[in-house]
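Listed below, chain by chain, are the residues.
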Protein chains: 2
Amino acid sequence: MRLIALTSRAPWDVARLRRSVQKAAGRNFAPCATCGRADRICPMPSEAMLHERRPVAPHSGHAHAPDPLLARKLDYHQPLSRLERDVLAKALSLDVRTVQQRTILLEQGAAATKLAVMLDGWACRQKTLPDGRRQIVAFYLPGDVCDFSVLMAPAIDSTIELLPGARVAGISRDALGMLNRSQPRITRGLWWESQAAAAIQREWMINIGQRGARARIAHLICEIVTRLDAVGLMKHGRCALPITQADLGDACAMTTAHTNRTLRQLRDEKLISWRDNVLEVPDREALSAAAAFSAAYLQLSGAEEGALLALEL
Amino acid sequence: MRLIALTSRAPWDVARLRRSVQKAAGRNFAPCATCGRADRICPMPSEAMLHERRPVAPHSGHAHAPDPLLARKLDYHQPLSRLERDVLAKALSLDVRTVQQRTILLEQGAAATKLAVMLDGWACRQKTLPDGRRQIVAFYLPGDVCDFSVLMAPAIDSTIELLPGARVAGISRDALGMLNRSQPRITRGLWWESQAAAAIQREWMINIGQRGARARIAHLICEIVTRLDAVGLMKHGRCALPITQADLGDACAMTTAHTNRTLRQLRDEKLISWRDNVLEVPDREALSAAAAFSAAYLQLSGAEEGALLALEL
DNA sequence: CGCATGGTTGAGCGGGCTCAAGGTGAGTGG
DNA sequence: CCACTCACCTTGAGCCCGCTCAACCATGCG
């Protein structure tokens, strides 16, 4: 009979925290995705855009908002117009929350009323057994939508926890309804996103169920790196990794101790290095090989526009 | 380093198969869900119903089709009208396929064009690693929708295999589009279904990752029993279980040998009995206790009508 | 009969867990 | 400036659950 793996979950190392918060704060206006300039504050689209459906208006110079990372992901499925980007940015700007420590966004069993979208930082979705064992079932990275079931399920089935430095936007049901009516291509993209998330869940099942410890950790890291890369957050093989070894272990269904040993092994093999919340992958090919990783399930390759179909609600 | 678990996957016991096929064939017109009588063949709704949106017409006596099991599941979320049931039954009757042996419905990497709905029998969704290890990531029971990503993903990320005796309906994109336009409440229910499926995936991750062998098997059986019960397929604590021990093992990420031993243990404890593809659970309470099972994640409790929101496509 | 499929059982081992201790670096309070 | 705390990382010794390998059995079909 297995016993409890008591990995303490408490506040966070405050020093590193400050750093990541500072970093996040410095990015209020990222460089314009279209022209690359960040020297001027872009006016946000008017709230009216959420309500009315109208043709794409050509924009003059810098007069648009910075693209949210979610837009980048939607682009993989169906490229968005300037207007659509702006409307999405507007919708994501109405209700933003930043946390500095680990914070429960939604407790297991609670009823949610908003769709949560990660703007920056990470969140993790976890389930806890009565005996204290914990399984992380998903990591939500910048640009990810946290939970779709939120919109219809009477109660959420797992806890969503924001990690230090996370910034989330909430979209109310009403706002989403309007978005749905005025910009159906955006909500169509959300539907796709939800299916992509399901595919990731399935791959995690293989990871936990079938792979050995080394491949398991390596595979998860490959996935994270690829997903971060898709939203432009990998810089020279490095990225922020605001989680603890205990988190990584719980995501891979491994003990903290064994996770540590496995990470050490990967480090000794020069496949990764991970210090101070910064992950570096010097050779992605090698790591992918160690994990037998194939990015196909992430569905970042895009598809032809006409192939899309989603269900109205 | 783990090595290959070579559990052979080949055709099926054809004798039992015949039986189940016969059984399925005998049910072309199940007893009417409304009045319980099956003595008269109900005319199917006209194809026109798929196209036009019109008010619910009162039906005279027996003049309606048998409800598909999918309708029962949708009822848990939002009760369907008579017309909606009939239209759904019609849509599910246009393209039906019955298999007698294990049959690949969709190969990993293929592009699907139809939404598949289980009418009868089981299917399982699985991923296979290069080294031959297999993970079953989902069982699809009668009334379940097989794959939602099918509608948009360029290629499916896992293989869907029909088990002997399965009967599936295919809904083409066009038909689904019409259904969406004429009966939006049905497609809204499908969206819900997809989220319920995601919740099941998450619970499986806990199962595989955190529970010991006994609880793992027991939990999966509890889930199956509960899901079958939800569509009325549990009779006096018994149900059909058209899978092998190897399947059950692969779903729980366990070896066939160990699955067998664990089943034996459960049998010795009088928690289950399983012979000739018939599972019997004499004491569901006891089994649930052994598995620490709670059915909340299955979302079969229903929700208030107004709380629903889904995304158009 | 032979063969295929699936279920059953045993012997042995090893990967990952448990338990336990120590190490490190950043706050914090004197 | 120091001692102390707290959160996280690291490492070691030992053991057990579940895996591997290898039979054998039961049943049904050609």
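Residues numbered from 1 in each chain as written. Chains lettered and ligands numbered in written order. Predicted model: local features only at pLDDT ≥ 70, side-chain atom pairs only at ≥ 80, totals over all residues. Heavy atoms only, no water.

In the annotation of an unreviewed UniProt entry, the entry for chain A reads Crp/Fnr family transcriptional regulator, and the organism field reads Sphingomonas gilva.

Explain the overall build of chain A here, please?
Regarding its fold elements, chain A presents nine helices and ten strands. Each of the 313 residues in chain A was classed as buried or not, and the buried ones make up 58%. When contacts within chain A are restricted to residue pairs at least 6 apart in sequence, those whose partners lie at least 24 apart make up 74%. (Helix = DSSP H or I, 4+ residues; strand = E, 2+ residues; numbered from the N terminus. Buried < 20%, exposed > 50% of the residue type's maximum accessible area, 1.4 Å probe, protein only. Contact = heavy atoms within 4.5 Å.)

Can you walk me through the pairing of strand β7 (residues 167-172) of chain B in this structure?
Residues and elements named next belong to chain B. Here three bridges tie strand β1 (residues 96-98) to β7, and the two strands are oriented antiparallel to one another. The residue of β7 that forms the bridge with R97 is V168. One ladder, built from six bridges, connects strand β3 (residues 114-120) with β7; its direction is antiparallel. Each bridged residue has a counterpart across the sheet, and for D120 the counterpart in β7 is R167. (Pairing = 2+ DSSP bridges.)

Please explain the confidence of the model for chain A as it appears in this structure.
One rule of thumb: low pLDDT means the predicted coordinates there are not for detailed reading. Residue and element names in this part refer to chain A. The predicted model of chain A averages 77 in pLDDT, with 74% of residues at 70 or higher. When pLDDT is averaged over each element of chain A, strand β5 (residues 134-140) comes out on top at 95 and helix α1 (residues 14-25) at the bottom at 30. Note that residues 1-47 has pLDDT below 50 and, in this model, 73 contacts with residues that lie over four places away or in other chains. (pLDDT = per-residue confidence, 0-100.)

Would you mind going over the environment of E280 of chain B with me for this structure?
Residues and elements named next belong to chain B. Within the fold, E280 resides in strand β10 (residues 278-280). Measuring from C-alpha to C-alpha, the distance between E280 and D147 comes to 29 Å, with 133 residues separating the pair along the chain. Apart from the residues within four sequence positions on either side, E280 is in contact with G237, R238, L271, I272 and S273.

Help me out: how do you make sense of the environment of C124 of chain A in this one?
Residues and elements named next belong to chain A. Summarising the element assignment, C124 is placed in strand β4 (residues 123-128). In the structure, C124 is positioned 14 residues away from A138 in sequence and 5.6 Å away in space, judged by C-alpha atoms. Ignoring sequence-local partners within four residues, the contact set of C124 consists of I136, A138, F139, T159, I160, E161 and L163.

Hey, could you run me through the state of the cysteines in this one?
Disulfides are covalent bonds that connect the sulfur atoms of two cysteines. All names here are of chain A. Evaluation of the coordinates by the stated rule reveals zero disulfides over all chains. Its sulfur unpaired, C146 is 9.9 Å from the next cysteine sulfur, which belongs to C124. C146 sits in the buried class, given a relative accessible area of 2%. (Disulfide = S-S within 2.5 Å.)

Honestly, the sheet that holds strand β9 (residues 273-275) of chain A in this entry has me stumped. Any pointers?
Backbone hydrogen bonds are what pair the strands of a sheet, in a parallel or an antiparallel way. Residues and elements named next belong to chain A. Across the sheet, three strands lie side by side as β8-β10-β9; this open sheet has antiparallel pairing. With partners counted over all chains shown, the strands left at the sheet margins are β8 (238-240) and β9, one partner each. Ignoring which end each strand starts from, the neighbouring axes of this sheet average 20 degrees apart. Here three bridges tie β9 to strand β10 (residues 278-280), and the two strands are oriented antiparallel to one another. Its bridge partner being in β10, W274 is matched across the sheet by L279. (Axes fitted to C-alpha atoms, helices over the stretch in contact; angles between N-to-C directions.)

Explanation requested: the UniProt feature "domain: HTH crp-type" (unreviewed entry) in chain A in the structure shown.
Look at the UniProt record and you will see "domain: HTH crp-type" (unreviewed entry) annotated at residues 211-285 of chain A. End C-alpha atoms of residues 211-285 of chain A are separated by 18 Å, and the span's content is 55% helix alongside 12% strand. (UniProt positions renumbered as here; feature names shortened; annotations may be inferred.)

When you look at the nonpolar core in this model, what are you seeing that I'm missing?
Most often, soluble globular proteins have nonpolar side chains that are buried together. F139 of chain A together with F139 of chain B are the most contacted members of the largest nonpolar core, which totals 88 residues. Those residues in contact with F139 of chain A that lie beyond four places of it in its chain are W122, A123, C124, D144, W204, L220, I224, R227, I243, D247 and A251 of chain A. (Core = buried A, V, L, I, M, F, W, Y, C linked by side-chain atoms within 4.5 Å.)

Sorry, what's going on with the packing of helix α6 (residues 213-230) of chain A against helix α7 (residues 245-252) of chain A here?
Working note: a packed helix pair is described by the angle between its axes plus the distance between those axes. Residues and elements named next belong to chain A. Where α6 meets α7, the closest approach of the two axes is 10 Å, and the angle between their N-to-C directions is 105 degrees. Regarding the angle of α6 to α7, the classification is roughly perpendicular. On α7, the residues that touch R216, I217 and L220 of α6 are L248, A251 and C252. Residue composition of the contact of α6 with α7, grouped by class: five nonpolar, no polar and one charged. (Parallel < 35°, antiparallel > 145°, perpendicular 65-115°, else oblique. Nonpolar A, V, L, I, M, F, W, Y, C, P; charged D, E, K, R; others polar.)

Teacher, can you tell me more about the packing of aromatic side chains here?
Each aromatic ring pair is specified by the distance between its two centres and by the angle formed by the two planes. A complete count under the given rule lists eight aromatic pairs over all chains for this structure. Plain terms: the ring middles of W191 of chain A and F148 of chain B are 6.5 Å apart, the flat faces sit at 85 degrees to each other, and that makes the pair edge-to-face. Placement of W191 of chain A in helix α5 (residues 184-210) and of F148 of chain B in the loop between β5 (134-140) and β6 (159-162) is noted, with the two residues assigned to different chains. The class of W191 of chain A is buried, set by a relative accessible area of 0%. Taking relative accessible area as the criterion, F148 of chain B reaches 6% and is therefore assigned buried. With a centroid separation of 6.1 Å and 80 degrees between ring planes, the pair formed by F293 of chain B and Y297 of chain B is classed as edge-to-face. Residue classification places Y297 of chain B among the buried residues on the basis of a relative accessible area of 4%. (Phe/Tyr/Trp six-rings, centres within 6.5 Å; stacked < 30°, edge-to-face > 60°.)

Explain unusual backbone geometry to me, please; I cannot follow it from the model alone.
Most peptide bonds are trans, and most residues other than glycine sit at a negative phi. Phi angles above zero are rare outside glycine, and A292 of chain A is one such case at about 55 degrees. The topology assignment puts A292 of chain A in the segment after α9 (284-291). One non-glycine residue, D276 of chain B, lies in the positive phi region at around 55 degrees. Residue placement: D276 of chain B occurs in the loop between β9 (273-275) and β10.

Honestly, the pattern of salt bridges in this entry has me stumped. Any pointers?
Counted by the stated rule, this structure contains 46 salt bridges over all chains. E84 of chain A is paired through a salt bridge with R185 of chain A; the nearest N and O atoms lie 2.7 Å apart. Here R185 of chain A lies in helix α5 and E84 of chain A lies in helix α3 (residues 82-91), a separation of 101 residues in the sequence. By the burial criterion, E84 of chain A is buried, and R185 of chain A matches it. Its salt-bridge partner being D144 of chain B, residue R227 of chain B comes within 2.6 Å of it at the nearest N-O pair. Taken together, the residues R227 of chain B in helix α6 (residues 213-230) and D144 of chain B in the loop between β5 and β6 connect sequence positions 83 residues apart. Assigned by exposure class, R227 of chain B and D144 of chain B land together as buried. Residues joined by salt bridges that share partners form a network here, namely R125, K127, D147 and D157 of chain A together with R202, E203 and R211 of chain B. (Salt bridge = Lys/Arg side-chain N within 4 Å of Asp/Glu carboxyl O.)

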